[in-house]
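Chains, contacts and geometry: an overview
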Amino acid sequence: MTPDASPSRPRFHVVVDAERCKGCELCVVVCPPRNLCLVASFNRGGYHPVEFRYHGERGDCTGCGLCYWVCPDFAIAEVGRSSA
Amino acid sequence: MTAAAEVYAPTLGALSALTGKATHYCAGCEHGTLTRLIAKAIDELGIRERTVMVSSVGCSVLAHEYLNVDAVQAPHGRAPAVMAGIKRVRPDLVTFAVQGDGDAVSIGLLELLNAANRGEPITVFLVNNAIYGMTGGQMAPTTPSGMVTTTTPAGRDPVATGPPIDATKLVASFERPAYVKRVFLPIRPTPAARVYNARGALEGARSVRHAFEVQERGGFAFVEFVSTCSVNWKLGILDAKRYAAEALEPLFPAGLVRDRFGVEGR
């Protein structure tokens, strides 16, 4: 089965509130496919916030929500799924 | 097959029990994680309108600014006594406190143990980071032997200061408490998988919910969350998680100690 075999395969999104992020990296290290990483730019608080990408180092986002549960600053605002 | 419009639905999202204010917690602190776990449980149980938070003294002192519930500020360590008063006057309310180990195990141990002995229908969340975090990293009763703090620069000496206090064991020594549990909240390094294990946060979410359910059924609920304080341990955020797994977990093993109403099985 190829990764994008079915058009009805759900696609997951993580919405990051970059201004709340303190760059603690908890979500970065708990994410199994490594879909989150710190960016080089700064937010208003002076931190490097995290950024979400659907295609991670080791696969696509599965919507597991671990980043949402561990985030101490509610910066992982939303985890959602879209399906056709 | 015709291309249908994409339907987007959040699986996890905004919580009505959170005010949206930015927290004052240091980066990577379990206090913030626990705040969201509590908000999630309040939302799921639909008890926001009748929940009263009793603020303790410590890093959790401002938690009422982040949780969209009514709040009372208790004197240092006296949160269980204030909660007991609230519940005796208004048994229909739900009340809880987030206490630190300096607040609950040091100055407020008397209130905590007497409330547990009476079996007051209240919920106490204890955040045990083995140190006084807000005041700058002094030795707490829960500090492991040998740990360097600002007041024990040569490491905690168990001969002079006694061994660390196990609050969960103390509360469980009484007959009345209905729900006593300890959760290891920080993410845990897993050498094989290269990914940190977040089971503590998921277990914490269930435990917070169970602790509220037990209170609704008239029991005393106590959940201790083993946590980190990277700033005052003078470690990096992820090094502090590793230290917690190595030094705190053997001392404060996670597990369910008592579940009188059987809420865990449901």
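Residues numbered from 1 in each chain as written. Chains lettered and ligands numbered in written order. Predicted model: local features only at pLDDT ≥ 70, side-chain atom pairs only at ≥ 80, totals over all residues.

Let us look at the overall build of chain B. Within chain B one finds 9 helices and 10 strands. Computed over the C-alpha atoms, the radius of gyration of chain B is 19 Å, within 12% of the 18 Å expected from 2.2 N^0.38 for a compact globule of 266 residues. When its C-alpha atoms are laid out on the principal axes, chain B stretches across 75 × 50 × 35 Å. Relative to its full complement of 266 residues, chain B shows a buried share of 50%. (Helix = DSSP H or I, 4+ residues; strand = E, 2+ residues; numbered from the N terminus. Rg over C-alpha atoms; globule rule 2.2 N^0.38 Å. Buried ≥ 20, exposed ≤ 12 C-beta atoms within 10 Å, placed from the backbone.)

Residue and element names in this part refer to chain B. Here strand β9 (residues 221-226) lies mainly inside the structure; 6 of its 6 residues are buried. A two-sided burial pattern is seen for β9, the buried positions comprising A221, V223 and F225 on one face and F222, E224 and V226 on the other. Direction of pairing for strand β5 (residues 123-128) relative to β9: parallel, over a ladder of 6 bridges. By the bridge assignment for β9, F125 is matched with V223. Pairing between strand β8 (residues 179-184) and β9: 6 bridges, direction parallel. Paired with V180 across the strands is F222, a residue of β9. (Pairing = 2+ DSSP bridges.)

So, on to the interface of chain B and chain A. The interface of chain B with chain A comprises 32 residues on the first partner and 27 residues on the second. Take the side of chain B that touches chain A: its biggest share by element is 6 residues, from strand β1 (residues 7-12) of chain B. Looking at the side of chain B that touches chain A, its residues break down into 23 nonpolar, 6 polar and 3 charged. For strand β6 (residues 76-83) of chain A and β1(B), the ladder comprises 5 bridges, and the chain directions are antiparallel. Bridge assignment links V79(A) to a residue of β1(B), and that residue is L12(B). (Contact = placed C-beta atoms within 7 Å. Nonpolar A, V, L, I, M, F, W, Y, C, P; charged D, E, K, R; others polar.)

Here the focus is the packing of helix α1 (residues 30-45) of chain B against helix α7 (residues 199-216) of chain B. Residues and elements named next belong to chain B. Viewed as axis vectors pointing N to C, α1 and α7 meet at an angle of 50°, and their least axial separation amounts to 9 Å. Regarding the angle of α1 to α7, the classification is oblique. Crossing of α1 against α7: the hand is right-handed. Judged by residue contacts, T33, L34, L37, I38, K40, A41, E44 and L45 of α1 engage A201, G204, A205, V208, R209 and F212 from α7. Partitioned by chemical class, the residues of the contact of α1 with α7 number 9 nonpolar, 2 polar and 3 charged. (Axes fitted to C-alpha atoms, helices over the stretch in contact; angles between N-to-C directions. Parallel < 35°, antiparallel > 145°, perpendicular 65-115°, else oblique. Left-handed = near helix turned anticlockwise from the far one by under 90°.)

Mean pLDDT over chain B works out to 93, with 98% of the residues at or above the 70 mark. On the interface metric, ipTM, the complex scores 0.90, and its pTM is 0.93. (pLDDT = per-residue confidence, 0-100.)

All names here are of chain B. Read from one edge of the open sheet, 7 strands run β3-β2-β4-β5-β9-β8-β10, paired in mixed fashion. In this open sheet, the two edge strands, each paired with only one partner strand, are β3 (70-73) and β10 (255-259). Strand-to-strand twist in this sheet, taken as the mean axis angle between neighbours without regard to direction, amounts to 20°.

Here the focus is unusual backbone geometry. Residue and element names in this part refer to chain A. The backbone of R34 shows a phi angle near 60°, a positive value even though the residue is not glycine. In this structure, R34 sits in the loop between α1 (26-30) and β2 (36-38). Not every positive phi belongs to a glycine, and F74 is a case in point at roughly 55°. Considering the arrangement of structural elements, one finds F74 in the loop between α2 (66-70) and β6.

Grouped together as the largest cluster of nonpolar side chains are 97 residues, with contacts concentrated most on C27(A), V30(A), C67(A), V70(A) and F125(B). In terms of residues, this core owes the most to one element, helix α9 (residues 237-251) of chain B, which gives 7 residues. Filtering out sequence-adjacent residues up to four positions away, C67(A) remains in contact with V14(A), C27(A), V30(A), C31(A), L36(A) and I76(A). (Core = buried A, V, L, I, M, F, W, Y, C linked by C-beta atoms within 7 Å.)

The subject of this paragraph is the packing of helix α2 (residues 79-89) of chain B against helix α4 (residues 109-118) of chain B. All names here are of chain B. Packing of α2 against α4 leaves a shortest axis separation of 7 Å and a crossing angle of 40°. Between α2 and α4, the angle is such that the two are oblique. Here P80, A81 and A84 of α2 lie close against α4, whose contacting residues are E111, L112 and A115. Here the residues of the contact of α2 with α4 are counted per class, giving 5 nonpolar, no polar and 1 charged.

What the 3 strands build is an open sheet, ordered β1(A)-β6(A)-β1(B); its pairing is antiparallel. In the strand order of this sheet, the two ends are held by β1 (11-16) of chain A together with β1 of chain B, each with one partner. With strand direction ignored, the average angle separating the axes of adjacent strands in the sheet is 30°.

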